Amino acid sequence: MEVLPMNKGWAGEQRRTTVPLQAKSFRLQDVKLLDSPFQRAREADAAYLLTLDPDRLLSRFREYAGLKPKGAIYGGWESETLSGHSLGHYLSACSLMFAATGDTRFKERIAYILDELEACQNAHGDGYVSAIPNGRTLFQEVAQGNIRAKAFDLNGGWSPFYTLHKLFAGLRDVWRYYGFRQALEIETRLADWVQQTLMGLDEKKMQEVLGCEFGGMNEVLADLYADVGDLGYLQLSRRFQHKAVLDPLARGEDRLANLHGNTQIPKLIGLARRYQLSGDPLDLTAAENFWEFVTHHHSYATGGNSEGEYFGPPDQLADRLTDKTTETCNTYNMLKLTRLLFETDARVAYADFYERALYNHILASQDPTDGMVTYFVPLRGGCAKQYSMPFDTFTCCLGTGMENHAKYEDSIYFHDQDVLYVNLFIPSEVAWKEKGVVVRQETQFPEGDKVSLVFQCDKLTDVALRIRCASWAEPGLRFSVNSQQLDVPARPGSYAEIRRPWRNGDRLEFRIPMKVRLEAMPDNPKRVAIFYGPILLSGELGPERDPAVNNYDYVPVLMADANSLLKRIEPVTGQPCTFRTTGVGKPRDVTLIPFFRMHHRRYAVYWDLVTPEEWARRMAKGQAEQRHQRELEAKPVDFVNPGDTDSENAHQMKGEKLETDEFNNRKYRLSRNGWFSYDLKVLQDQPMALLCTYWGGERSGTRIFELLVDGEMIASQSLGENRPGQFFEEVYPIPTKLTNGKSRVQVMFRAQPDKWAGGVFDVRTIRHSGGGLEDFGR
C-alpha cells in the first residue's frame, strides 16, 4: 500500500477549481478544538466508532464477491437491501477523525478496510465492488436499458446508486484526508465501471434511472475529476442531472412540496461543487435558489427541515410539528451545501445559518452519554428525542451522525490571501502555516458573550481578520487589542474587518451583545420559538415516560403577546443560558435551557401565545376531547390498538408488507402496497360501523386504501391534509348483510397499487344509528 504524505493529497487548500473561491477552508489537522460541548461530542463519537467491527461492515462486500465473510452482518438497514452504505460513512468518519485527532487507531482501520475492498474488487474483476443485494443483476438490467425505477427502488434494489455514493464518498475522503493512493485507485476503477454501465443509456433512459434516489453521485464524480484531472469523470457527473427537480430550481421555482428532502439536497451539493470546477452559472443558480427556498421557507427554528422526511408547501410549518420533523441527514447535507456556497460567496447569511443548524440541530442530535444520534429531531410539544442503537440501527442518520461529530473544526475558520474569517465562536486554535501564525480562540460562548483571539507568531505578521457580526447580534459590538479600544464598523449582518500587523501575544477581545428574542412561525405569528442569541431554548416538561403526556394541558401556553412576553422571561441566577417565564405560563411557567442540552426529557420548543379568552376556550376544548375519548373507550363493541403486539395478537392480525411505528406518542400500523386485517366483534342484531383514527397531516397522494369487511369493500380512504396538525376519526357504516348471524368479522385495510394502507391508530366496531361522530357526543 502506498501512503502519500498529507500535503501531496488534497489536504484542504489545494482543491482544483475553475472559479476563484472567496474563502478557502483549512485542513482539519490545522484546527484544534479546545474544551467545549463540541470537543466532548467528538470524543463520544470517536469512542463509538472504535466499538464497530470493520469485518461486520464488510460482511456482504465479501459475500457478494464470492469470498467468505469474516464477520456477521450488522442489523438495521445493513441487514436489509441498503447494506454497504454504513461502510462508506465509516470510512469518511474515520478519515475525518484521524485528520482531526491523529489517533492512529483510525488509520489502522482505514488501511484494513482498503485491503479488504481491494480484494473484493479484484474478485469481481471489472471494477465493481459493493454490498448491494442482487447488485450485479440489477445493474446489468440497467445497462441493458431495462429500467424499473421508483422513488427508492431501482430494479428491485433499495436506492443502489445512493449506496454507491456513500462508498465513493468514503474512498474520496480517505484519499483527501489521509492520502492512501489505494483508496483513489479503488474509487477510480469503480467510477470506470459506472461509466461502462451507463454508457448505452440515452438521455430518456438516464432520466428514468434518476427517478430513484441516487445520493450525491454528481458530487463524488466531480470530485474525482478534481482529484485525477480526467474530464471524463466531470462528464459522467453531468449524466446525474435530474432535470425534473433541478430545472425548476434553476428557473427560480419552488416546487419542493411533497418531495423527499434528503433525496434532493445531495443533488444541489453536486451542482455547487461542480460550479466551482466548471463555472456553469446554471449550476450555481439552482444551488443558490434551493438554499434560499429551504432555509427561508421550509426550515424550522433548529435550522432543520422536513416532516416525515418530506418538504411541505413553502411557509406552512405551524401545523407540521410532529414526532418526525427535521431528519438529521437533511441538516448534515444542508451544512455541506452551505459550506460550498460560502466558499464561492462569503456571505454572513451562510455562516449565520451554519451556526443555527450546527448548535440547534447537529449538536442537539447526539446523546452525550454514549454518542448515539437521532434520526428525527421532533419538534411537537411533549416529545422526547429517540436515539439510535449502537449495533442494530444503521440508518442513514446513524451514518451521517458518524461524520457530523467528527468534523466540527471544518467551518470555524476560512481564509483568502491575507484574510482570516472567524465564522463560529467555538474554543479552538487555527494554525495558518503559510502565514506562520497560530490564532487561539478563547470563549465560553454561548454561556458567555466574551471572545478573545490570541496570536502566536515568530515575527510581525500582517493579517486581516474578518469577524462575523451575526444578524441576531444586538448593535454595540466593540473591539480592543491589548486593552486598547478600536474604532471598527461592526453592523449586525456583516463582517467587521481588522487589519494590522500582529505581534506574538497580541490579544483581540470583543463581546457579542445577545438578548432573548422570539421567532414566529411564518404562517402563525402567535406560535413562537424563543432564542438567546443564536441558541434555541427549550422548555423541560418531564420524564420521557410521563403518563400525563397526552393531557390537553401538558404543554403550557404563554398568556402574553410578543412584546410583553420578552419582559417576563428572566435569567436564572447562577445557571448560564437558563431562563424562566414568570407569571405567563398556563397552566404553569417553564424553565428554558439550550435545546442542545435537552436529553432524555420531554420538551417543547414552540409556544402558543394566547389571550385569557383563548386560554379558556382551549381548556374547554381539551376537556371536551378527553370526555369524548372516555366515551369512545367505554362504548365500542370491540377495539384494537394497531402496533401493539398484544392487542393485535388478540385480534388475529394478518397481513403482507407490514410496518409499524410510533407517532405523537401513539403506535400505528401501515402497509406499503400490501394489506393488514383484524378480526373484531360485532353485534348481529344492531347496525354496526367501523370507527378509525388517522393523522390529518399525511403527505397527499401516497396513502390511498380500501376498507373491506369479510372480503367486501365498504369504503375507500385517502389520507393527506385532511386535518393538518390533528388526529381525526372516520366512521364507516357496515352493511347489515355483512354482520347478520355473525359475532365476528374480518376488517381489512388494503393499499391501492404502489400506495400505503394507513397509518391507522385506532380501529373500533361501534353501534351505529345512521349518523356520524354525533353518536359519541361530537
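Calculation criteria
Residues numbered from 1 in each chain as written. Predicted model: local features only at pLDDT ≥ 70, side-chain atom pairs only at ≥ 80, totals over all residues. Heavy atoms only, no water. Salt bridge = Lys/Arg side-chain N within 4 Å of Asp/Glu carboxyl O. Buried < 20%, exposed > 50% of the residue type's maximum accessible area, 1.4 Å probe, protein only. Helix = DSSP H or I, 4+ residues; strand = E, 2+ residues; numbered from the N terminus. 1 Å grid on protein atoms, 1.4 Å probe; cavity = no way out; pocket = protein on both sides within 12 Å on 5 of 7 lines; lining within 4 Å. Points joined across faces, edges and corners; volume = space filled by probe spheres on them. Nonpolar A, V, L, I, M, F, W, Y, C, P; charged D, E, K, R; others polar. Disulfide = S-S within 2.5 Å. Expected span 1.5 Å × (residues − 1). Contact = heavy atoms within 4.5 Å. Pairing = 2+ DSSP bridges. Axes fitted to C-alpha atoms, helices over the stretch in contact; angles between N-to-C directions. Phe/Tyr/Trp six-rings, centres within 6.5 Å; stacked < 30°, edge-to-face > 60°. Polar contact = N/O pair within 3.5 Å; in protein donor to acceptor, adjacent residues only side chain to side chain. Core = buried A, V, L, I, M, F, W, Y, C linked by side-chain atoms within 4.5 Å.

(A) Molecular detail of the pattern of salt bridges. For the structure shown, the criterion picks out 52 salt bridges. One salt bridge in this structure joins Glu141 and Arg148, with 3.1 Å as the shortest N-O distance. The exposure class of Arg148 is partly exposed, given its relative accessible area of 41%. Between Arg172 and Asp223 there is a salt bridge, with its nearest N and O atoms 2.8 Å apart. Of the two residues, Arg172 is situated in helix 7 (residues 160–177) and Asp223 in helix 10 (residues 217–228); the sequence distance between them amounts to 51 residues. Note on accessibility: Arg172 and Asp223 belong to one class, buried. By sharing partners, the salt bridges in this structure join Arg172, Asp173, Arg176, Glu219, Asp223, Asp227, Arg273 and Lys336 into a single network.

(B) Empty space enclosed by the protein, seen in detail. Taken as a whole, this structure holds five cavities of 30 Å³ or more when the rule is applied. One number sums up the size of the largest cavity: a volume of about 500 Å³. As for the largest cavity, its lining consists of 32 residues, of which Arg172, Tyr177, Glu219, Lys336 and Lys407 are closest to the centre. Elements supplying a minimum of two residues to the lining of the largest cavity: helix 4 (85–101), helix 7, helix 10, helix 13 (261–278), helix 15 (328–344), helix 16 (348–362) and helix 17 (396–404). Of the residues belonging to the lining of the largest cavity, the class tally is 12 nonpolar, six polar and 14 charged.

(C) Representation of the state of the cysteines. For the coordinates displayed, the defined rule picks out zero disulfides. Considering cysteine sulfurs only, Cys120 is the nearest to Cys94, which forms no disulfide, with 17 Å between them. Cys329 provides the cysteine sulfur closest to Cys396, a residue in no disulfide bond, and the two sulfurs are 3.5 Å apart. Looking at Cys396, the relative accessible area reads 4%, which means it is buried.

(D) Structural detail: helix 1 (residues 37–49). Taking 1.5 Å of rise per residue, 13 residues should cover 18 Å, and helix 1 covers 18 Å from first to last C-alpha, within 8% of that figure. Along helix 1, the positions that sit buried rather than exposed are Phe38, Gln39, Ala41, Arg42, Ala44, Asp45, Ala46, Tyr48 and Leu49. Check the buried side of helix 1 and you find it contacts strand 2 (31–33), helix 4, helix 5 (104–124), helix 16 and helix 17.

(E) Here's a closer look at the sheet that holds strand 15 (residues 507–511). The sheet built from seven strands is open, its strands ordered 2-8-9-10-15-12-13 with antiparallel pairing. Taken across any chain shown, the strands that pair with only one partner, and hence form the sheet edges, are strand 2 and strand 13 (484–486). Mean inter-strand twist for the sheet, computed between neighbouring axes without regard to direction, equals 20°.

(F) How the structure looks around the packing of aromatic side chains. As enumerated under the stated definition, the model contains 42 aromatic pairs in all. Between Phe38 and Tyr408 the ring centres are 4.9 Å apart and the planes differ by 70°, which places this aromatic pair in the edge-to-face class. Highlighted residues: Phe38 in helix 1 and Tyr408 in the loop between helix 17 and strand 6 (413–416), separated in sequence by 370 residues. By the burial criterion, Phe38 is buried, and Tyr408 matches it. Aromatic pair Tyr178 and Phe180: ring centres 4.6 Å apart, planes at 45°, arrangement tilted. Of the two residues, Tyr178 and Phe180, both sit in the buried class.

(G) Layout of the environment of Tyr732. Tracing the backbone through its elements, the reader meets Tyr732 in strand 32 (residues 727–734). Once the C-alpha coordinates of Tyr732 and His768 are considered, the two residues, 36 residues apart in sequence, prove to be 9.3 Å apart. Residues contacting Tyr732, with those up to four places away along its chain left out, are Ala689, Leu690, Cys692, Tyr694, Leu707, Ile714, Ala715 and Gln717. Within polar-contact distance, the side chain of Tyr732 engages the side chain of Tyr694 at 2.8 Å.

(H) Layout of the sheet that holds strand 32. Spatially, four strands are ordered 26-35-29-32 in an open sheet, and the strand pairing comes out antiparallel. Single-partner strands in this sheet number two, and they are strand 26 (638–640) and strand 32. This sheet shows a mean twist of 20° between the axes of neighbouring strands, independent of strand direction. The pairing of strand 29 (residues 688–695) with strand 32 spans eight bridges and is classified as antiparallel. Of the residues in strand 32, the one forming a bridge with Trp695 is Phe727.

(I) Structural detail: the nonpolar core. Counting residues in hydrophobic clusters, the biggest one holds 124 residues, and the most contacted among them are Phe290, Leu337, Ile467, Phe479 and Ile512. Broken down by element, this core gets its largest block of residues, nine residues, from helix 16.

(J) Looking closely at helix 13. With 18 residues, helix 13 should cover 26 Å at 1.5 Å per step; its first-to-last C-alpha distance of 26 Å lies within 8% of that length. Within helix 13, 17 of the 18 residues are buried, which leaves the element mostly enclosed by the surrounding structure. Of the residues flanking the end of helix 13, it is Gly279, one or two places downstream, whose phi is positive at about 75°.

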